[in-house]
Amino acid sequence: MDNIIAEFKSMKQYVDDNLGRYIVPEVPLLNELTESINYTLFSGGKRIRPIFCFLVGEIFGINKEKLRSVACSLEMIHTASLIMDDLPHMDNAATRRGKPANHVVYGQDVAALASIGLLTKAYEVVMADGTVSDVKKVAVVRKLANAVGLSGLVGGQFVDLKFGRGAFDQSAIEFIHTHKTASLFVASGTVAAIIGDADAAQIEALASYANSLGFAFQILDDLFDAEGNETEVGKTLHCDKSNYVILHGVDASKKRLQQYTEKALDAVALFGSKNTKLVALCQMLLQRRS
Ligand code: GRG
């Protein structure tokens, strides 16, 4: 397990090193905007989505270098969504990862542009990658756009915003978790699988793993919101309008967390011993404290 954790750390470092190369001020007039983007991009994210992408690549014999742009684009999309999510007219969170949120430091106007600029950059870096064929790039960008748009993060955020405390039900929660969280997890595995020439059954298995992992991950996040300590979790707590724990309570949520974890692990059984690191990722994510 120690070896695997060291590998995850080195993957994280690889993402950090490469992300830094993509966001550079194009002209001095844009310095503050790029500074704002880099502020959140380098404020301590775990880089889970790129790591998952690399692990799927390994299953198909694809190395990190070949997945560099795609992995970085996943982190850019994720970061863009966090910056927007924290804005006052969204979740209105003043802190993120234990630091002031982007808009608190740079203002709402700059933060909104940082989010959109970073989201757009995510597609640009994939399309500019000369090591991936045009056919695969189109499939990857299509998958990413699908995971972000109305059938992904944006749709999930909309439903999340529109359901106040007490006015939501199980189907709304499932919709929110599927779209806000699981969607980008699923895309992270799928884009690596596309580049690795996976077959339909393998893509389906990875999507199922990622979907269940995303659910388990989000339920744990909701448990942090209910039971966590703001300093340890690193963000403003108790500002969720709807979440799994508010709906089902702590004990039932812990049980569901376990069930989703088992479902995720079952889904990747078909990869045999090649699934070891995906199993480790799942265990690691569910032991996290923030
Ligand atoms: C602009 C891309 C974009 C989307 C607009 C605002 C919005 C729609 C969606 C919000 C989606 C969102 C913030 C979902 C929460 C997902 C989640 C579980 C975040 C925490 O992920 P971690 O733990 O974060 O991987 P770190 O801090 O490690 O990066």
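Conventions adopted
- Residues numbered from 1 in each chain as written.
- Predicted model: local features only at pLDDT ≥ 70, side-chain atom pairs only at ≥ 80, totals over all residues.
- Heavy atoms only, no water.
- Salt bridge = Lys/Arg side-chain N within 4 Å of Asp/Glu carboxyl O.
- Helix = DSSP H or I, 4+ residues; strand = E, 2+ residues; numbered from the N terminus.
- Buried < 20%, exposed > 50% of the residue type's maximum accessible area, 1.4 Å probe, protein only.
- Near = heavy atom within 4 Å.
- Polar contact = N/O pair within 3.5 Å; in protein donor to acceptor, adjacent residues only side chain to side chain.
- Areas by Shrake-Rupley, 256 points an atom, 1.4 Å probe, with all protein chains shown as cover.
- Nonpolar A, V, L, I, M, F, W, Y, C, P; charged D, E, K, R; others polar.
- Contact = heavy atoms within 4.5 Å.
- Core = buried A, V, L, I, M, F, W, Y, C linked by side-chain atoms within 4.5 Å.

**Q** What should I look at first to understand the pattern of salt bridges in this one?
**A** Opposite charge on two side chains allows them to pair when their charged atoms are near. Tallied over the entire structure, the rule returns 14 salt bridges. Its salt-bridge partner being Lys 12, residue Asp 16 comes within 3.4 Å of it at the nearest N-O pair. With Asp 16 and Lys 12 both in helix H1 (residues 2-22) and 4 residues apart, the pair spans about one turn of that helix. Residue classification places Asp 16 among the buried positions, given a relative accessible area of 16%. The partner of Lys 137 in a salt bridge is Asp 134, and the shortest N-O contact between them spans 3.7 Å. Here Lys 137 pairs with Asp 134, and both are found in helix H7 (residues 134-148), just 3 residues apart, close to one helical turn.

**Q** Got a minute to help me understand the site of the ligand in this structure?
**A** Lining the immediate surroundings of the ligand are 22 residues, of which Lys 46, Arg 49, His 78, Arg 97 and Phe 217 lie closest. Note that an oxygen atom of the ligand is positioned 2.7 Å from one of the side-chain N or O atoms of Arg 97. Burial of the ligand by the protein chains amounts to 93% of its free accessible area of 760 Å². Contributing elements (two or more residues each) for the shell around the ligand: helix H3 (48-59), helix H4 (68-86), helix H6 (108-127), helix H8 (153-162), helix H9 (170-195) and helix H10 (200-227). Its residues placed into classes, the shell around the ligand shows 9 nonpolar, 7 polar and 6 charged.

**Q** Hey, could you run me through the side chain of Lys 121 in this one?
**A** With respect to the helices and strands, the residue Lys 121 is situated in helix H6. Given a relative accessible area of 14%, Lys 121 falls into the buried group. Non-local contacts of Lys 121, meaning those with residues more than four positions away in its chain, are made with Tyr 22, Ile 23, Glu 26 and Met 76.

**Q** Looking at this structure, I do not really get the environment of Tyr 209. What am I missing?
**A** Within the element layout of this structure, Tyr 209 appears in helix H10. Between the C-alpha atom of Tyr 209 and that of Leu 74, which follows or precedes it by 135 residues, the distance is 18 Å. The residues contacting Tyr 209, other than those within four sequence positions of it, are Phe 52, Ala 264, Ala 267, Val 268, Leu 278, Leu 281 and Cys 282.

**Q** What is the right way to look at helix H14 (residues 276-286) in this model?
**A** Side chains three or four residues apart in an α-helix point the same way, a direct result of the helix having 3.6 residues per turn. The buried count for H14 comes to 8 of 11 residues, which makes it a mostly enclosed element. Every buried residue belonging to H14 is among Lys 277, Leu 278, Val 279, Ala 280, Leu 281, Cys 282, Leu 285 and Leu 286, and all of these are buried.

**Q** What is the right way to read the nonpolar core from this model?
**A** Note that soluble globular proteins tend to have their nonpolar side chains buried in a common cluster. In this structure, Phe 60, Tyr 209 and Leu 281 are the most contacted members of the largest nonpolar core, which totals 83 residues. Setting aside its immediate chain neighbours within four residues, Leu 281 contacts Phe 8, Ile 51, Phe 52, Leu 55, Tyr 209 and Leu 213.

**Q** Help me out: how do you make sense of unusual backbone geometry in this one?
**A** As a rule of thumb, non-glycine residues mostly have phi less than zero, and peptide bonds are mostly trans rather than cis. Its identity is not glycine, yet Asn 92 carries a phi of approximately 55 degrees, on the positive side. Backbone geometry at Asp 197 places phi at a positive 55 degrees, although glycine is not the residue there. Structurally, the position occupied by Asp 197 is in the loop between H9 and H10. Judged by relative accessible area, Asp 197 falls into the exposed class, the value being 59%.

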